[in-house]
Amino acid sequence: FGIDAFKDAADEPGASQGDKIHVRVQQRNGRKCITTVAGLADDLDIKRICKAFKKNFSCNGAVQKDEDESEVIQLSGDQRTNVKEFLVDQEICHSDAVVLHGF
């Protein structure tokens with residue numbers, strides 16, 4: 001029937017760098033939230049991408065290291081759609097490699 005439930009998402013064609021980029025929103029206090037961008041390839045200049053995010057979306061941002069030493073971009077506010085559009089426009093990755101969580 002054509003669908004392999006045990007096949008890894010990374011095996012699919014079009015997943016750039018074999019890894020998906022996860023864009024999540026975490027609730028802070030009240031109506032404040034932060035957007036985290038994880039899974040960007042190590043050969044990308046994460047600091048420069050973060051700087052571009054901050055300039056384009058007029059929000060604050062930071063680059064943090066998570067548990068397994070990979071870098072995660074944190075942006076203030078809900079920037080999920082902006083992040084996806086930016087990554088695709090700048091050809092950093094394919095639109096099917098970006099996973100938006102919480103929609």
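Each chain carries its own residue numbering, running from 1 in the written order of its sequence. For a predicted model such as this one, the threshold for reporting local features is a pLDDT of at least 70, and the threshold for listing and counting side-chain atom pairs is 80 or more; totals across whole chains, interfaces and linings nevertheless cover every residue. To get the side-chain values, take all heavy atoms of the structure and skip hydrogens and water.

**Student:** Please explain the sheet that holds strand β1 (residues 21–27) as it appears in this structure.
**Tutor:** Note on sheets: strands pair through backbone hydrogen bonds, and any given pair is parallel or antiparallel. Across the sheet, which stays open at both edges, the five strands sit in the order β3-β4-β2-β1-β5 with mixed pairing between neighbours. Of all strands in the sheet, those bounded by a partner on one side alone are β3 (61–65) and β5 (98–100). Adjacent strand axes in the sheet meet at a mean angle of 25°, parallel and antiparallel pairs treated alike. When checking whether two residues touch, look at their non-hydrogen atoms; a contact exists if any pair is within 4.5 Å. Only C-alpha atoms enter the line fits that serve as axes; for helices the fit covers just the stretch in contact. Angles between N-to-C directions range over 0 to 180 degrees. Secondary structure elements are taken from DSSP: a helix is a run of H or I of four residues or more, a strand is a run of E of two residues or more, and numbering for both begins at the N terminus. Those strands touched by helix α1 (residues 46–57) are β2 (33–38), β3 and β4 (71–76), and its axis lies near 10° from that of β4. Criterion used throughout: strands pair if DSSP finds at least two bridges between them.

**Student:** What should I look at first to understand the nonpolar core in this one?
**Tutor:** Soluble globular proteins: nonpolar side chains tend toward being buried together. Ranked by size, the top nonpolar core spans 18 residues in total, and within it Phe53, Ile73, Val83 and Leu87 carry the most contacts. Counting residues per element, the ones that place at least two in this core are β1, α1, β4 and α2 (80–89). Beyond its immediate stretch of four places on either side in the chain, Val83 contacts Val23, Val37, Phe53, Phe57 and Leu75. Grouping buried Ala, Val, Leu, Ile, Met, Phe, Trp, Tyr and Cys residues that are joined through side-chain atoms within 4.5 Å yields what is termed a nonpolar core. Under the scheme applied here, a residue whose accessible area is under 20% of the maximum for its type counts as buried, over 50% as exposed, and between as partly exposed, the area being computed with a 1.4 Å probe on protein chains only.

**Student:** Mind showing me how you'd approach the pattern of salt bridges here?
**Tutor:** Opposite charge on two side chains permits pairing when their charged atoms draw close. For salt bridges, the criterion is a side-chain nitrogen of Lys or Arg within 4 Å of an Asp or Glu carboxyl oxygen. Under the definition given, this model contains two salt bridges. For Lys65, the salt bridge identified is with Glu71, shortest N-O distance 3.2 Å. What makes Glu71 partly exposed here is its relative accessible area of 30%. Among the salt bridges present, the one from Arg80 reaches Asp78, with a minimum N-O distance of 2.8 Å.

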